[in-house]
Amino acid sequence: MTIDNKEKLSRKEFFKKFSFLGLGILAVGIFLKNIFLFISPEKKEKTYHKYLVGKKSEIQSGNAKEIAIQGKPVFVINLDGKFKVFSGVCTHLGCIIKWEENKNRFFCPCHQGVFDPSGKVVSGPPPTPLTEFDVLEEGNLVYIQVEDKKKGSWT
Ligand code: FES
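**Q** Go over the sheet that holds strand β7 (residues 113-115), please, and point to the residues and values.
**A** Sheet strands associate in pairs through backbone hydrogen bonding, adopting either a parallel or an antiparallel arrangement. With antiparallel pairing, the four strands of this open sheet are ordered in space as β5-β6-β7-β8. Since the sheet does not close on itself, it has two edges, and those belong to β5 (98-100) and β8 (121-123), each with one partner. Averaged over all pairs of adjacent strands, the angle between their axes in this sheet comes to 35°, without regard to strand direction.

**Q** Could you give an account of the side chain of Thr91, naming the residues involved and the relevant values?
**A** Structurally, Thr91 can be placed in the loop between β4 (82-87) and β5. A relative accessible area of 18% places Thr91 in the buried class. From its side chain, Thr91 meets the backbone oxygen of Thr128 in a polar contact 2.5 Å long. In this structure Thr91 touches Phe115, Pro126, Pro127, Thr128, Pro129 and Leu130, once residues within four positions along its chain are discounted.

**Q** Residues and numbers for the sheet that holds β4, please.
**A** Within the open sheet, the six strands sit side by side as β1-β10-β9-β4-β3-β2. Their pairing is antiparallel. At either margin of the open sheet sits one strand with a lone partner, and together these are β1 (48-55) and β2 (64-69). Across this sheet, the average inter-strand angle for adjacent strands is 30°, counted without regard to direction. Strand direction decides the pairing type here: strand β9 (residues 132-138) and strand β10 (residues 141-147), joined by five bridges, are antiparallel. Looking at the pairing, Leu136 lines up with Tyr143 of β10.

**Q** Tell me about the state of the cysteines, and please be specific about residues and values.
**A** Summed over the entire model, instances satisfying the criterion amount to one disulfide. Put simply, Cys95 and Cys110 are joined by a disulfide, and their sulfur atoms are 1.9 Å apart. Sign of the S-S torsion, about -100° for the bond between Cys95 and Cys110, identifies this disulfide as left-handed. Remark: Cys110 occurs in the loop between β6 (105-108) and β7 and Cys95 occurs in the loop between β4 and β5; sequence separation between them is 15 residues. Among the residues examined, Cys110 registers a relative accessible area of 37% and is labelled partly exposed.

**Q** Report on the pattern of salt bridges, specifying residues and quantitative values.
**A** Think of it this way: side chains of opposite charge can pair up when their charged atoms draw near. Across all of its chains, the model carries five salt bridges by this definition. When the shortest N-O distance is used, the salt bridge between Lys84 and Glu132 registers 3.4 Å. Of this pair, Lys84 sits in strand β4 while Glu132 sits in strand β9, and the two are 48 residues apart along the sequence.

Parameters at a glance
Residues numbered from 1 in each chain as written. Predicted model: local features only at pLDDT ≥ 70, side-chain atom pairs only at ≥ 80, totals over all residues. Heavy atoms only, no water. Pairing = 2+ DSSP bridges. Helix = DSSP H or I, 4+ residues; strand = E, 2+ residues; numbered from the N terminus. Axes fitted to C-alpha atoms, helices over the stretch in contact; angles between N-to-C directions. Buried < 20%, exposed > 50% of the residue type's maximum accessible area, 1.4 Å probe, protein only. Polar contact = N/O pair within 3.5 Å; in protein donor to acceptor, adjacent residues only side chain to side chain. Contact = heavy atoms within 4.5 Å. Disulfide = S-S within 2.5 Å. Salt bridge = Lys/Arg side-chain N within 4 Å of Asp/Glu carboxyl O.

Below is the structure:
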């Protein structure tokens, strides 16, 4: 065997070793990527749904209107031209509240829970204020924006 042949062989071996090394690094990279994808939580953009809840001109200042969205009661209230929207479900045990215009309050008949027009608890057993929705106003229309969820109720 000549020196030239030895060099050719060693070059062959060199490329063989490095091609195996390259494949090994690629395989480890793919493996680590799959491990990372398996253990990391899914990052999905939140999506929202917009529901029309009423016309501004239909609700006088200091008054509320009850509507149902997907069978759930919701109250739209006009507080000096600023519109707020609350769930009609009491935060105590889930009874349906009602708006009492003459007393300027939301009232839950089940256990006499009282909420002020901004949804805060005034008296009774409710532990937290009424659930408030994000409101969008477009011209004369009032909408609420609700995050889409795969499961469960939105009120
Ligand atoms: S359910 Fe409303 S006060 Fe109890």
